[in-house]
Amino acid sequence: MSERADNIDATVQLPLVSVIIPTLNRGKHLERVLPTVFAEIDEHYPNTEVLIVDGGSQDHTREVIDRYAHRLAWWCSEPDKGVSEAVNKGIARARGELLRLFSDDDEIVPGSFRIMAEYMAAHPEIDVLTGQAQFYHMDADGNQQPFGDPQQPGSFGLQGLLERQAQWCPTPESAFQRRSLFERWGSYDPKYHYAAWLELWLRFARHGARFHSLDDLVVKRFMTPETDSIKGKWPIITREYDRAIRQHGGWYWVLYRRAEGDMRPMHLISVVAFSVCQRLHFHPSRIRLRLISWYRRLAALFVASRPTATAGSSSGPGSSDH
């Protein structure tokens, strides 16, 4: 069931939305995505600006940008140090009260901008509003296969955000964020490449930011052959997620995500370790440090002895090169 804002005054100007699209050598996907963005603006939510941050692409990305330059509030095409720096450039130049990070291979669900903007206007206490995302595997021929489960709608804070990471959701591509959050607590940490958004959201949540998830489908996310999790970078992505969770939540939540998310080959050891942590309430103690040490040693043994993954094995949502 969809949630709707039913207390909006029709005469009130809805907030400006800034859509930030980082990209690098993804011209063919950007070509597919930009028409859906501008269709949403033209047909449903005109009070929107679009910013593209290209990291100096060597394919035809620049040609695509030039084609739509008259519709863009700002764009650049220059080398950068990765997606975190690219997003921060966009945030620094965005004028909107609400910010929407958008991947260069995702598609907007028609009408979703208005649904989310109206809801945030009606609920000023909400800092980050997310919707449902439908994930698809897309092969080189454009064939699509849906996967993934919907996230639980409702309000949550730091603990809820940590709990939801076992299902790898929500993500910023399905969210509206208030610009005031970035002004108070900073932007993407450049030390992160794949999990910068998660570290940022956990940082927001630790400072008291309020999150809410709607039951509305707002974005279609595509895992293409160029997506990092498909290109064999899944172990690196996972380590970054663990680092962000450990930084803001502690080892307990790293174990929780691995145990609840069934991330083999360490699933069995994680379940046991998490169960022990629950019983000990994970209070700081020598037992806690010893448990972490055992976990690291056993995990290393499992990783060293794991079999080679076979072709066609599944992988979870990841981010693009940029």
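Conventions we followed
Residues numbered from 1 in each chain as written. Predicted model: local features only at pLDDT ≥ 70, side-chain atom pairs only at ≥ 80, totals over all residues. Heavy atoms only, no water. Helix = DSSP H or I, 4+ residues; strand = E, 2+ residues; numbered from the N terminus. Buried < 20%, exposed > 50% of the residue type's maximum accessible area, 1.4 Å probe, protein only. Contact = heavy atoms within 4.5 Å. Areas by Shrake-Rupley, 256 points an atom, 1.4 Å probe, with all protein chains shown as cover. Salt bridge = Lys/Arg side-chain N within 4 Å of Asp/Glu carboxyl O. Core = buried A, V, L, I, M, F, W, Y, C linked by side-chain atoms within 4.5 Å. 1 Å grid on protein atoms, 1.4 Å probe; cavity = no way out; pocket = protein on both sides within 12 Å on 5 of 7 lines; lining within 4 Å. Points joined across faces, edges and corners; volume = space filled by probe spheres on them. Phe/Tyr/Trp six-rings, centres within 6.5 Å; stacked < 30°, edge-to-face > 60°. Pairing = 2+ DSSP bridges. Right-handed = clockwise from strand over helix to strand, strands pointing away.

> Even after reading the chapter, I still don't get the overall build of the protein chain, so can you show me in this structure?
For the protein chain, the count of helices and strands is 11 helices and 10 strands. Within the protein chain, the fraction of its 322 residues that count as buried is 53%. Expressed as a percentage of contacts within the protein chain between residues at least 6 apart in sequence, the contacts between residues at least 24 apart total 76%. With the model as given, the accessible surface of the protein chain reaches about 15200 Å², and the carbon-plus-sulfur share is 51%.

> In this structure, what is going on with the pattern of salt bridges? I would like to understand it.
Once the charged atoms of two side chains with opposite charge are near each other, the side chains can pair. This structure, assessed with the given rule, holds 16 salt bridges. For the salt bridge of Asp-42 with Arg-71, the shortest nitrogen-to-oxygen distance reads 2.8 Å. Here Asp-42, found in helix α1 (residues 27-43), pairs with Arg-71, found in the loop between α2 (61-68) and β3 (74-77); they are 29 residues apart in sequence, far enough to count as distant. In this structure Arg-71 comes out as partly exposed when scored by relative accessible area, which is 32%.

> What am I meant to see in helix α4 (residues 112-122) here?
Given 3.6 residues to a turn, an α-helix orients residues that are three or four positions apart in the same direction. Taking burial as the measure, the 11 residues of α4 include nine buried ones, the bulk of the element. Within α4, the full set of buried residues consists of Ser-112, Phe-113, Ile-115, Met-116, Ala-117, Glu-118, Tyr-119, Met-120 and Ala-122.

> I would appreciate a short explanation of the nonpolar core in the present structure.
Among soluble globular proteins, nonpolar side chains are generally buried collectively. Within the largest apolar cluster, 40 residues are counted, with the highest numbers of intra-cluster contacts made by Trp-201, Phe-204 and Phe-211. Elements with a minimum of two residues in this core: α3 (83-93), β4 (98-101), α5 (158-164), α6 (179-185), α7 (196-206), α8 (234-249) and α9 (251-260). The dominant element in this core, judged by the number of residues it contributes, is α7, at eight residues. Those residues in contact with Phe-204, other than ones at most four positions away along the chain, are Gln-177, Leu-181, Phe-182, Trp-185, Gly-186, Ala-209 and Phe-211. Membership of the second largest hydrophobic core comes to 36 residues, among which are Leu-30, Leu-72, Ala-133 and Val-218.

> I'm lost on empty space enclosed by the protein in this one. Help?
In this approach, a probe sized like a water molecule rolls over the atoms, and the result shows the empty space that is left. As enumerated under the stated definition, the model contains three cavities of 30 Å³ or more in all. The space that makes up the second largest cavity amounts to roughly 60 Å³. Lining of the second largest cavity is provided by Ile-20, Val-87, Ile-91, Leu-99, Arg-100, Leu-101, Gln-177, Phe-182 and Tyr-188. Going through the elements one at a time, α3 and β4 are the ones with two or more residues in the lining of the second largest cavity. Per-element tally for the lining of the second largest cavity: the top contributor is β4, with three residues.

> I'm lost on α7 in this one. Help?
Counting buried positions along α7 yields 10 of 11 residues, so the element is predominantly enclosed. Taken as a whole, α7 has its buried residues at Ala-196, Trp-197, Leu-198, Glu-199, Leu-200, Trp-201, Leu-202, Arg-203, Phe-204 and Ala-205. Looking one or two residues beyond α7, the residue adopting positive phi is Gly-208, at roughly 100 degrees.

> Sorry if this is basic, but what is going on with the packing of aromatic side chains here?
To describe a pair of aromatic rings, one takes the distance between the centres and the angle between the planes. Throughout the structure, instances matching the rule amount to eight aromatic pairs. Here Trp-197 and Trp-201 contribute two aromatic rings whose centre-to-centre distance is 5.3 Å and whose plane-to-plane angle is 90 degrees, an arrangement assigned as edge-to-face. With Trp-197 and Trp-201 both in helix α7 and four residues apart, the pair spans about one turn of that helix. Each member of the pair, Trp-197 together with Trp-201, is buried. Taken together, a centroid distance of 5.5 Å and an interplanar angle of 65 degrees make the contact between Trp-201 and Phe-211 edge-to-face.

> In this structure, what is going on with the pairing of β3? I would like to understand it.
As a general feature of sheets, a regular strand has side chains that alternate between the two faces. Sheet analysis places strand β2 (residues 48-54) next to β3, joined by four bridges and oriented parallel. Counted as the bridge partner of Ile-52 is Trp-75 from β3. Note that the unit made of β2, α2 and β3 has a crossover that is right-handed.

Honestly, that's just the spatial picture; any functional story needs more than this.
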